[in-house]
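# An overview of the molecular structure
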Amino acid sequence: MSEAVAEAHRRDWARVLAATVRLTRDLDLAEECVQDAYAQALRSWPVDGVPARPGAWLTTVARNRALDVLRRETALRRALPLLVTDTATPGPGEDDDRLRLVFTCCHPALSREAQVALTLRLVCGLSTAEVARAFLVPEPTMAARVTRAKRKISAARIPYRVPSPDELPERLGAVLDVVHLVFTTGHAAPVGERLVRQDLVDGAIGLGRMLRLLLPHDAEVAALLALMLLIDARRDTRSAPDGRPLLLSEQDRARWDTRQIREGADLLAFALRRGGPTRYAVEAAIAAVHAESPSWEATDWPQIVALYDVLLDLWPSPVVALNRAVAVGLRDGPAAGLAELAPLLDEPALAGYAYLSAARADFLRRLGRLPEAAAAYEEALALTGNDAERAFLAGRLAEVSR
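Residues numbered from 1 in each chain as written. Predicted model: local features only at pLDDT ≥ 70, side-chain atom pairs only at ≥ 80, totals over all residues. Heavy atoms only, no water.

### Some details on the nonpolar core
Of all hydrophobic cores here, the largest spans 103 residues; its most connected members are L101 and L211. If sequence neighbours within four positions are ignored, L101 has contacts with L17, A18, V21, L27, L122, V123 and Y160. By size, the runner-up hydrophobic cluster in this structure holds 23 residues, among which are A325, Y353, A359 and A374. (Core = buried A, V, L, I, M, F, W, Y, C linked by side-chain atoms within 4.5 Å. Buried < 20%, exposed > 50% of the residue type's maximum accessible area, 1.4 Å probe, protein only. Contact = heavy atoms within 4.5 Å.)

Take a look at the structure:
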């Protein structure tokens, strides 16, 4: 029965919390009531059975709990000066509480880091530890960041609504970053048994489609949606039947979703016509090269490296530099890739990043430097919290240790 509650958390957390926030106008109170609802589900569902509509059941329990609290005079006084629900703003997002919650969390009064972190915590229901891993920062740092962001929303009386059309441009960048980070967190889940959290992937794509309806002429919205669709087109081939992750070189491309690839390519073409090379457009172009290549051997690595060069100019990032180094190694050989990775070993932001160690381990393995490869695989294992990825790395470690 705990599995049913966990599934309801993955699928319905955002909707339940957003509906409760609309009632309470208090993020902390709403989150507390929703957590109580899930705790009640753990007690009630084993006895009464899983309801036909778990999300509706949880929303009712959370809202009833919130109403009980709000009826108390002290709690009512505490809630009144907080979030203000603005029902006057029209638009396609008005009926979707999740989108209201995203824009509330991404208000310009908050720092960009706080905007993204708060949305991952509240909209996606990630634990503080998961959000910290996504940001490559210690958990206490992230806990303090989320707490400060909540307090600022309360103190500034930030409205719970989708912005008006004239406000959207200045608010959009943060929202796109949120949607992208939700997608990447789901695409390679930092912790847990499964390689992918498809609920987060689907939620991010759903938010991307909502934004596309809201802003049909915006190039970067189209580019981000293109990027997500092109990557997600591989979803059915990313794991073996036993759950082992499959590398791009191992995936059956005949099973990739050609409809999604076509839609993503069309969106990318639109984005490039309207906006030129932006961060998400270049990332989508890299995904398109992979998606449209007939085989692993036919992958156009020179083009991919060139696109990473453009991306580094647009968005300098240690993770982009890491991905470029891997592409160089696949273009020019493992020794060249290892040389490109060497400067990144002193990059503080990558100190706890398992993929750096895993990339080094793979290049060392391919060069026959097996003791060094084993040490790098051990380091990657120590930094990895996802069980499927750990099993893959353990297999590689056993291979080079024999």
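### Quick look at helix α19 (residues 387-401)
Here α19 contains 15 residues, and its C-alpha end-to-end distance of 21 Å stays within 8% of the 21 Å for a straight helix at 1.5 Å per residue. Of the positions making up α19, those classed as buried are A388, E389, F392, L393, R396, L397 and V400. (Helix = DSSP H or I, 4+ residues; strand = E, 2+ residues; numbered from the N terminus. Expected span 1.5 Å × (residues − 1).)

### Focus: the packing of aromatic side chains
Under the defined criterion, the tally for this structure stands at four aromatic pairs. Here the aromatic rings of W296 and W301 are separated by 5.3 Å at their centres, their planes lie at 75 degrees, and the arrangement is edge-to-face. Exposure remark for W296: the relative accessible area of 23% places this residue in the partly exposed category. Pairing Y353 with Y355 gives two aromatic rings, centres 5.4 Å apart and planes at 80 degrees, and the pair type is edge-to-face. We classify Y353 as buried; its relative accessible area is 17%. Overall, Y355 belongs to the partly exposed group, its relative accessible area being 34%. Between the NZ or CZ atom of R212 and the centre of the ring of F270, over which it lies, the distance is 4.7 Å. (Phe/Tyr/Trp six-rings, centres within 6.5 Å; stacked < 30°, edge-to-face > 60°. Lys NZ or Arg CZ within 6 Å of the ring centre and 35° of its normal.)

### A short note on the packing of helix α17 (residues 354-366) against α19
At a minimum axis distance of 12 Å, the contact between α17 and α19 shows a crossing angle of 30 degrees. Between α17 and α19, the crossing angle belongs to the class labelled roughly parallel. In the packing of α17 onto α19, the handedness of the crossing is left-handed. Mapping the contact onto sequence places Y355, A358, D362 and R365 in α17 and E389, L393, R396, E399 and V400 in α19. The residue makeup of the contact of α17 with α19, split by class, is four nonpolar, no polar and five charged. (Axes fitted to C-alpha atoms, helices over the stretch in contact; angles between N-to-C directions. Parallel < 35°, antiparallel > 145°, perpendicular 65-115°, else oblique. Left-handed = near helix turned anticlockwise from the far one by under 90°. Nonpolar A, V, L, I, M, F, W, Y, C, P; charged D, E, K, R; others polar.)

### Remarks on the confidence of the model for the protein chain
On average, residues of the protein chain score 86 in pLDDT, and 92% of them reach the 70 mark or higher. Within the model, the stretch residues 84-95 combines pLDDT values under 50 with 23 contacts to residues more than four positions away or in other chains. (pLDDT = per-residue confidence, 0-100.)

### Thoughts on the environment of D12
Relative to the helices and strands, D12 resides in helix α1 (residues 2-24). Judged by its relative accessible area of 8%, D12 is buried. Taking the C-alpha atoms as reference points, D12 and W57, separated by 45 residues in sequence, lie 10 Å from one another. Aside from chain neighbours lying at most four places away, what touches D12 is Y38, P54 and G55.

### A look at the packing of helix α5 (residues 97-105) against helix α9 (residues 168-187)
For the pair α5 and α9, the least separation of the axes is 9 Å and the interaxial angle reads 95 degrees. Of the possible angle classes, the one that applies to α5 and α9 is roughly perpendicular. Seen from α5, the contacting residues are V102, F103 and T104; seen from α9, they are L168, R171 and V175. Class assignment for the residues of the contact of α5 with α9 results in four nonpolar, one polar and one charged.

### Comments concerning the pattern of salt bridges
Enumeration over the complete set of coordinates arrives at 23 salt bridges. With a shortest N-O distance of 3.0 Å, D36 and R65 are connected by a salt bridge. On the criterion of sequence distance, the pair formed by D36 in helix α2 (residues 27-48) and R65 in helix α3 (residues 54-71) is long-range, its members being 29 residues apart. For R65, a relative accessible area of 28% translates into the label partly exposed. Between E399 and R365 there is a salt bridge whose closest N-O contact spans 3.8 Å. Of the two residues, E399 is situated in helix α19 and R365 in helix α17; the sequence distance between them amounts to 34 residues. Accessibility expressed as a relative area gives 34% for E399, which makes it partly exposed. One salt-bridge network, held together by shared partners, links D362, R365, R366, R396 and E399. (Salt bridge = Lys/Arg side-chain N within 4 Å of Asp/Glu carboxyl O.)

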